[in-house]
Amino acid sequence: MVALKDAVVVVTGGRRGLGAALVDGALARGATKVYATGREPFIDARPEVVPVALEVRSDDSVAALAELADDATIVFNNAGVMTPTPLVTGAPREIEAMFDVNAFGLLRVARAFAPVLAANGGGALVDMHSVLSWLAGSGGYGASKAAAWSITNSLRAELAAQGTQVVGVHAGFIDTEMVTEIPLPKATPAAIAGAILDGVESGAVEVLADAVSETTKAALSGPVENLAFPAHA
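Residues numbered from 1 in each chain as written. Predicted model: local features only at pLDDT ≥ 70, side-chain atom pairs only at ≥ 80, totals over all residues. Heavy atoms only, no water.

Q: Mind showing me how you'd approach the overall build of the chain here?
A: Within the chain one finds six helices and seven strands. Seen in sequence order, the chain has helices and strands lined up from the N terminus as β-α-β-β-α-β-α-β-α-β-α-β-α. For 233 residues, the compact-globule estimate of 2.2 N^0.38 gives 17 Å, and the C-alpha radius of gyration of the chain, at 17 Å, lies within 12% of that figure. Over its C-alpha atoms, taken along the principal directions, the chain stretches across nearly 45 × 35 × 30 Å. Burial statistics for the chain: of 233 residues in total, 49% are counted as buried. Long-range pairs, those at least 24 residues apart, make up 67% of the contacts in the chain between residues at least 6 apart in sequence. Approximately 10,400 Å² of the chain is accessible, and the part contributed by carbon and sulfur atoms is 57%. (Helix = DSSP H or I, 4+ residues; strand = E, 2+ residues; numbered from the N terminus. Rg over C-alpha atoms; globule rule 2.2 N^0.38 Å. Buried < 20%, exposed > 50% of the residue type's maximum accessible area, 1.4 Å probe, protein only. Contact = heavy atoms within 4.5 Å. Areas by Shrake-Rupley, 256 points an atom, 1.4 Å probe, with all protein chains shown as cover.)

This is the structure in structure tokens:
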């Protein structure tokens, strides 16, 4: 388990939505510094927040962040993109872009920060997945999040020797700009962030941040044809 008090935190995609809620929650629990990233430069007037422009599709951009944030003890891999792109008829470039951000971007950040976390005592790496990692029907997005889930599970095994707590987070729909037009119940970013931070501090390796994630995880042992969105979402 890793305490938020006195932690130095990195939150990718930390400018808005769930990322912003993670920044707020980390500070409320006593983090001394938070590196919050966005795709474009931005300003945050709080002295504890270091705003950083980051493109997770760029090795150089990710490496620069890891060099800057070499005091990090907790990294939240939160940056993500979502487009309603079917696998068969959707534009390949849109599917590739989601994989490049949601799966390979997550991996780039993990690879860059693994030695940083090791040097700072192990710390924690927290990866945002989705309930759609487990449910068919969301095209390229769900496929990219399923890949991210698998990556996280392997990272957990690979980083165990250095004492890094690797946490995989699953959540249903969160009330953010990404899913504004989806007419389904949504959790608040603050509620999901609170569940994630509780998990980190309790030593969890997986956080099911809401009821739909718990229900869907329980259904994984059932018939695979039942694992379809929106049946359980």
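Q: Sorry, what's going on with the packing of helix α2 (residues 59-68) against helix α3 (residues 92-119) here?
A: For any two helices packed against each other, the geometry comes down to the angle between their axes and how far apart the axes lie. Two elements in contact, α2 and α3, have axes separated by 9 Å at closest approach and are oriented at 30°. The angle between the axes of α2 and α3 places the two elements in the roughly parallel class. Helix-helix and strand crossings are classified by hand; for α2 and α3 the assignment is right-handed. On α3, the residues that touch Asp 59, Val 62, Leu 65 and Ala 66 of α2 are Arg 108, Val 109, Ala 112, Phe 113 and Val 116. Class assignment for the residues of the contact of α2 with α3 results in seven nonpolar, no polar and two charged. (Axes fitted to C-alpha atoms, helices over the stretch in contact; angles between N-to-C directions. Parallel < 35°, antiparallel > 145°, perpendicular 65-115°, else oblique. Left-handed = near helix turned anticlockwise from the far one by under 90°. Nonpolar A, V, L, I, M, F, W, Y, C, P; charged D, E, K, R; others polar.)

Q: Would you explain the sheet that holds strand β6 (residues 165-170) in this entry?
A: Sheet strands pair via backbone hydrogen bonds, and the direction of the pair is either parallel or antiparallel. Pairing is parallel in the open sheet, where seven strands are placed in the order β3-β2-β1-β4-β5-β6-β7. Whereas interior strands pair on both sides, the edge strands pair on one side only; in this sheet they are β3 (49-53) and β7 (206-208). Within this sheet the neighbouring strands show an average axis-to-axis angle of 15°, counted without direction. Contacts from α3 reach β1 (8-11), β4 (74-77) and β5 (124-128) within the one sheet, and its direction differs from that of β4 by about 175°. (Pairing = 2+ DSSP bridges.)

Q: Sorry if this is basic, but what is going on with the pattern of salt bridges here?
A: Side chains that differ in sign of charge can pair as their charged atoms come close. On inspection of all chains with the given rule, the structure shows 10 salt bridges. One salt bridge in this structure joins Asp 71 and Lys 33, with 2.9 Å as the shortest N-O distance. A residue pair is termed long-range when its members are at least 10 positions apart, and Asp 71 in the loop between α2 and β4 and Lys 33 in strand β2 (residues 33-38) qualify at 38 residues. Residue class for Asp 71 comes out partly exposed when judged on its relative accessible area of 25%. Of the charged contacts, one joins Asp 100 and Arg 57 as a salt bridge, the two residues approaching to 2.9 Å between their closest N and O atoms. (Salt bridge = Lys/Arg side-chain N within 4 Å of Asp/Glu carboxyl O.)

Q: How should I be thinking about helix α4 (residues 139-159) in this particular structure?
A: Two residues of an α-helix separated by three or four positions point the same way, owing to the 3.6 residues in each turn. With 21 residues, α4 should cover 30 Å at 1.5 Å per step; its first-to-last C-alpha distance of 30 Å lies within 8% of that length. Within α4, the full set of buried residues consists of Gly 139, Gly 140, Tyr 141, Gly 142, Ser 144, Lys 145, Ala 148, Ile 151, Thr 152, Leu 155 and Leu 159. Of the surrounding secondary structure, the elements contacted by the buried residues of α4 are α3, β5 and β6. (Expected span 1.5 Å × (residues − 1).)

Q: It is not clear to me how the nonpolar core should be interpreted in this structure. Could you clarify?
A: Most often, soluble globular proteins have nonpolar side chains that are buried together. Judged by nonpolar contacts, the single largest core of 34 residues is most densely connected at Val 9, Ile 74, Phe 76 and Ile 196. Of all the secondary-structure elements, those providing two or more residues to this core are β1, α1 (17-28), β2, β4, β5, β6 and α5 (189-202). The element best represented in this core is α1, accounting for six residues. Non-local contacts of Phe 76, meaning those with residues more than four positions away in its chain, are made with Val 9, Val 10, Val 11, Thr 12, Leu 22, Val 126, Ile 196, Leu 197 and Val 200. Counting 28 residues, the second-largest nonpolar core is a separate cluster that includes Tyr 35, Leu 54, Ala 72 and Phe 113. (Core = buried A, V, L, I, M, F, W, Y, C linked by side-chain atoms within 4.5 Å.)

Q: Looking at this structure, how should I read the environment of Arg 29?
A: With respect to the helices, strands and loops of the structure, Arg 29 is situated in the loop between α1 and β2. Residue classification places Arg 29 among the partly exposed positions, given a relative accessible area of 28%. Linking Arg 29 and Lys 5, residues 24 residues apart in sequence, is a C-alpha distance of 5.7 Å. Once residues within four sequence positions are removed from consideration, Arg 29 is found in contact with Leu 4, Lys 5, Gly 194, Leu 197, Asp 198 and Glu 201.

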